Amino acid sequence: MRYAYYPGCSLKGTGKAYEKSTLALFTALDIELVEIPDWNCCGATAYMAVDEIASAALSFRNLVLAQEMGMKKIVAPCSACYLNLIRAKKIYLGNGPAREKLCKALEKANLEFDCSALPEVLHPLQVLTEDLGIEKFKERVKRPLKGWNLVPYYGCQVARPYDGYDDPVYPVKMDLLLEAAGAQVISDYPLKTRCCGGSLTGTIENVGIRLNFLLIKEAKKRGGEAIVTICPLCQFNLEMYQGKMEEKFRMPVLYLPQVLGLALGLSPEELGFQHLVYKPHMEV
Amino acid sequence: MKFKRTIRYEGELDRSLYYYMLSLPEGEGIIRCIQCGTCSGVCPLSIYMDFTPRKLIALVREGFSMDVLSSFTIWLCSSCYACTVSCPQEIKITEIMYALKRKAIEEGVYPRRFPVPVLAREFFQMVLRNGRSSESLLVLNLILKTNISKALSYVPLGLKLLKTRRLSLKKERTPGASEVKAILEGLKEGGP
Ligand code: SF4
Ligand code: SF4
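Computed from a predicted structure; not experimentally measured. (Residues numbered from 1 in each chain as written. Chains lettered and ligands numbered in written order. Predicted model: local features only at pLDDT ≥ 70, side-chain atom pairs only at ≥ 80, totals over all residues. Heavy atoms only, no water.)

### Some remarks on the overall build of chain B
Part 1 of the reasoning: Within chain B one finds eleven helices and zero strands.
Part 2 of the reasoning: Each helix and strand of chain B, ordered N terminal to C terminal, gives the series α-α-α-α-α-α-α-α-α-α-α.
Part 3 of the reasoning: When each of the 192 residues of chain B is scored for burial, the buried share is 49%.
Part 4 of the reasoning: Within chain B, residue pairs in contact and separated by at least 24 positions form 64% of the contacts whose partners lie at least 6 positions apart. (Helix = DSSP H or I, 4+ residues; strand = E, 2+ residues; numbered from the N terminus. Buried < 20%, exposed > 50% of the residue type's maximum accessible area, 1.4 Å probe, protein only. Contact = heavy atoms within 4.5 Å.)

### Structural notes on the site of ligand 2
Residues and elements named next belong to chain B.
Part 1 of the reasoning: Neighbouring ligand 2 are 13 residues; Cys43, Cys77, Cys80, Tyr81 and Cys83 lie closest to it.
Part 2 of the reasoning: Taken together, the elements giving at least two residues each to the shell around ligand 2 come down to helix H6 (82-86) and helix H7 (93-107).
Part 3 of the reasoning: For the shell around ligand 2, the residue count by class is ten nonpolar, three polar and no charged. (Near = heavy atom within 4 Å. Nonpolar A, V, L, I, M, F, W, Y, C, P; charged D, E, K, R; others polar.)

### Digging into the pairing of strand E5 (residues 149-152) of chain A
Each regular strand displays side chains that alternate between the two surfaces of the sheet.
Part 1 of the reasoning: Where E5 of chain A meets strand E6 (residues 184-185) of chain A, two bridges bridge the pair, whose relative direction is parallel. Paired with asparagine 149 of chain A across the two strands is glutamine 184 of chain A, which belongs to E6 of chain A. (Pairing = 2+ DSSP bridges.)

### Looking at helix H10 (residues 205-221) of chain A
Part 1 of the reasoning: Across its 17 residues, H10 of chain A extends 24 Å between first and last C-alpha, which sits within 8% of the 24 Å expected from 1.5 Å per residue.
Part 2 of the reasoning: For H10 of chain A, every residue scored as buried is listed here: Glu205, Val207, Gly208, Ile209, Leu211, Asn212, Phe213, Leu215, Ile216, Glu218 and Ala219 of chain A.
Part 3 of the reasoning: Packing partners of the buried residues in H10 of chain A comprise E5, helix H9 (200-203), strand E7 (226-229) and helix H11 (232-240) of chain A together with helix H5 (73-76) of chain B.
Part 4 of the reasoning: Where H10 of chain A terminates, the next one or two residues include glycine 223 of chain A, which has phi positive at roughly 85°. (Expected span 1.5 Å × (residues − 1).)

### Some remarks on the packing of aromatic side chains
Residues and elements named next belong to chain A.
Part 1 of the reasoning: Overall, the coordinates contain eight aromatic pairs over all chains when judged by the stated rule.
Part 2 of the reasoning: Considering the side-chain rings of phenylalanine 236 and tyrosine 241, the 6.5 Å spacing of their centres and the 75° angle between planes classify their relative orientation as edge-to-face.
Part 3 of the reasoning: What makes tyrosine 241 buried here is its relative accessible area of 4%.
Part 4 of the reasoning: One aromatic cluster is present, built from ring pairs that chain together Phe60, Tyr92 and Phe113.
Part 5 of the reasoning: The ring of tyrosine 92 carries the charged tip of arginine 99 above its face, separated from the ring centre by 4.8 Å. (Phe/Tyr/Trp six-rings, centres within 6.5 Å; stacked < 30°, edge-to-face > 60°. Lys NZ or Arg CZ within 6 Å of the ring centre and 35° of its normal.)

### Let's talk about the site of ligand 1
All names here are of chain B.
Part 1 of the reasoning: Not every one of the 14 residues close to ligand 1 is listed here, only the nearest: Cys33, Cys36, Gly37, Cys39 and Cys87.
Part 2 of the reasoning: Secondary-structure elements contributing two or more residues to the shell around ligand 1 are helix H2 (38-42) and helix H3 (53-62).
Part 3 of the reasoning: Looking at the shell around ligand 1 residue by residue, the classes come out as nine nonpolar, four polar and one charged.

### Section: the interface of chain B and chain A
Part 1 of the reasoning: The interface of chain B with chain A comprises 55 residues on the first partner and 64 residues on the second.
Part 2 of the reasoning: Across the chain B/chain A interface, buried area totals approximately 5,100 Å², and carbon plus sulfur atoms make up 64% of it.
Part 3 of the reasoning: Counting across the chain B and chain A interface gives two salt bridges.
Part 4 of the reasoning: Of the charged contacts in the structure, one is a salt bridge between glutamate 52 of chain A and arginine 102 of chain B, with a shortest N-O distance of 3.6 Å.
Part 5 of the reasoning: For the pair chain B and chain A, the number of links is five residue pairs in polar contact (both at pLDDT 80 or more).
Part 6 of the reasoning: When residues of the side of chain B that touches chain A are traced back to their parent elements, those giving at least two are H5, H6, H7, helix H8 (115-130), helix H9 (135-146), helix H10 (155-163) and helix H11 (177-190) of chain B.
Part 7 of the reasoning: A class-by-class count of the residues in the side of chain B that touches chain A yields 31 nonpolar, ten polar and 14 charged. (Buried area = accessible area lost by both parts, 1.4 Å probe. Salt bridge = Lys/Arg side-chain N within 4 Å of Asp/Glu carboxyl O. Polar contact = N/O pair within 3.5 Å; in protein donor to acceptor, adjacent residues only side chain to side chain.)

### Concerning the pattern of salt bridges
Part 1 of the reasoning: Scanning the model with the defined rule gives 22 salt bridges over all chains in all.
Part 2 of the reasoning: Taking the shortest distance from any N to any O, the salt bridge between lysine 12 of chain A and glutamate 19 of chain A comes out at 3.1 Å.
Part 3 of the reasoning: The class of lysine 12 of chain A is partly exposed, set by a relative accessible area of 22%.
Part 4 of the reasoning: Of the charged contacts in the structure, one is a salt bridge between glutamate 26 of chain B and arginine 102 of chain B, with a shortest N-O distance of 3.5 Å. Highlighted residues: glutamate 26 of chain B in the loop between helix H1 (16-23) and H2 and arginine 102 of chain B in helix H7, separated in sequence by 76 residues.
Part 5 of the reasoning: Exposure remark for arginine 102 of chain B: the relative accessible area of 14% places this residue in the buried category.
Part 6 of the reasoning: Salt bridges sharing partners connect three or more residues here, namely Asp188, Glu218, Lys221 and Arg222 of chain A.

### Quick word on the packing of helix H4 (residues 52-68) of chain A against helix H6 (residues 97-108) of chain A
Each pair of packed helices can be summarised by the angle the axes make with each other and by the distance between the axes.
Residue and element names in this part refer to chain A.
Part 1 of the reasoning: The geometry of H4 relative to H6 is characterised by a closest axis approach of 9 Å and an angle of 55° between their N-to-C directions. One finds that H4 runs oblique with respect to H6. The element H4 and its partner H6 pack so that their crossing is right-handed. Judged by residue contacts, Ile53, Ala56, Ala57 and Phe60 of H4 engage Ala98, Lys101, Leu102, Ala105 and Leu106 from H6. (Axes fitted to C-alpha atoms, helices over the stretch in contact; angles between N-to-C directions. Parallel < 35°, antiparallel > 145°, perpendicular 65-115°, else oblique. Left-handed = near helix turned anticlockwise from the far one by under 90°.)

### Remarks on the environment of glutamate 239 of chain A
Part 1 of the reasoning: Here glutamate 239 of chain A is to be found in helix H11.
Part 2 of the reasoning: Measuring from C-alpha to C-alpha, the distance between glutamate 239 of chain A and tyrosine 154 of chain A comes to 15 Å, with 85 residues separating the pair along the chain.
Part 3 of the reasoning: Discounting chain neighbours no more than four positions away, the residues touching glutamate 239 of chain A are Val253, Leu276, Val277 and Tyr278 of chain A together with Lys160 and Arg166 of chain B.

### Some points on the packing of helix H7 (residues 124-140) of chain A against helix H8 (residues 173-180) of chain A
All names here are of chain A.
Part 1 of the reasoning: It is the contact of H7 with H8, at a shortest axis distance of 10 Å, that shows an interaxial angle of 30°. Taken together, the axis directions place H7 and H8 in an arrangement best described as roughly parallel. The two elements H7 and H8 cross, and the hand of that crossing is left-handed. Contacts between H7 and H8 involve Leu125, Leu128, Thr129, Glu130, Ile134, Phe137 and Lys138 on the former and, on the latter, Lys173, Met174, Leu176, Leu177 and Ala180.
Part 2 of the reasoning: Residue composition of the contact of H7 with H8, grouped by class: eight nonpolar, one polar and three charged.

### Some details on the confidence of the model for chain B
Part 1 of the reasoning: Mean pLDDT for chain B: 82, with 80% of residues reaching 70 or above.
Part 2 of the reasoning: Predicted complex metrics record ipTM = 0.87 and pTM = 0.89. (pLDDT = per-residue confidence, 0-100.)

Right, dumping it as structure tokens:
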């Protein structure tokens, strides 16, 4: 299996551990990720407020680059990037007034592409559960994470509004993967897709912190020892803002590929555990 | 004691925003809103909003245009799409929030020195120059432009990032940044 890999700005910055662990995990599973060398910003959500078309045009350029590489599928681990890439494609394939503007912009920049074969946009979670399959993953597990009480937290934009490969409010795909890795999954965590505040933590901080506090408090209450995330912004918010909460609300916040990688026998260093503020205390 | 009148008389209402929303593909749905309140119920931010999403839609329809555009609600919306996937009338509420943010910026009515629009602007400039955004630099700029008095309170966060080697002040740049610039500037010339 071979995919174009779109890292996005976060995975090159504060979300380093996510990039490291994703690449390590996929290599261990013999899935090849080839980084789009000339990728640009996806236009992220803050941008949408300024200019919807510009945001779509930015994302679209990455789809074109992936196509130039001869790739049919593109993997985007960041929720915002994932959403924006899909959205750009939807606008292009739709027939609203936004499409006309988008096409004009693409024309002006002389972007050439085959519109009938735009690459499919996937989140790593989809690659693992659909293209690879949970059973196949399970066969590769070497060190089951016995006794790890993990809380699966999906965040919002991977689960919705697009695509529906899982439930938009109570998804289960990550739960299944964690179970396959041998962990004890707190599946009834009711806030699986409740918002972490996104960029609000940086702008309207008190509200953002409150949202994160609720997520952590509930995870603790249900016996969680660590939260598992699939988005760099969720991980950042949940981890960094614990410093502003009471001591008893400390909890490691891990990336899904970090956890799965451990179960495959990879080392914590390869999986970027050194970049975490709160390290898990559970034994492997 | 001076009282401020909070109700509006019919003559003061202005339905221009309503008609504008009806003209947008994502906005025309508001005509179908049955005011059931599901959106407000699932919205994780509604308790902090001056108007809940349901109320906001009612205000748009009734002509409280300025109240809507200058509200905090639209800037508190974090685009989590919880409302959109729950609305029984399939109204694209999140997209409506985006459209209202854009309109508020266009009309220049957003709360002054309020960080969200500033973030959006800074972000745009950075991508225009480099094709990519460098998070740490972006946040630094944001703090300097909106909240310099609180800058010190960000020190512990910065230290944590440093300690875990996640703070990078390196400018990220797309090799093809000029092509990105061409796309963005092409859009500007074409007009809205
Ligand atoms: S959920 Fe939909 S129909 Fe109900 S109040 Fe909100 S927008 Fe209106
Ligand atoms: S998208 Fe915005 S309005 Fe809708 S539920 Fe989320 S925060 Fe609330």
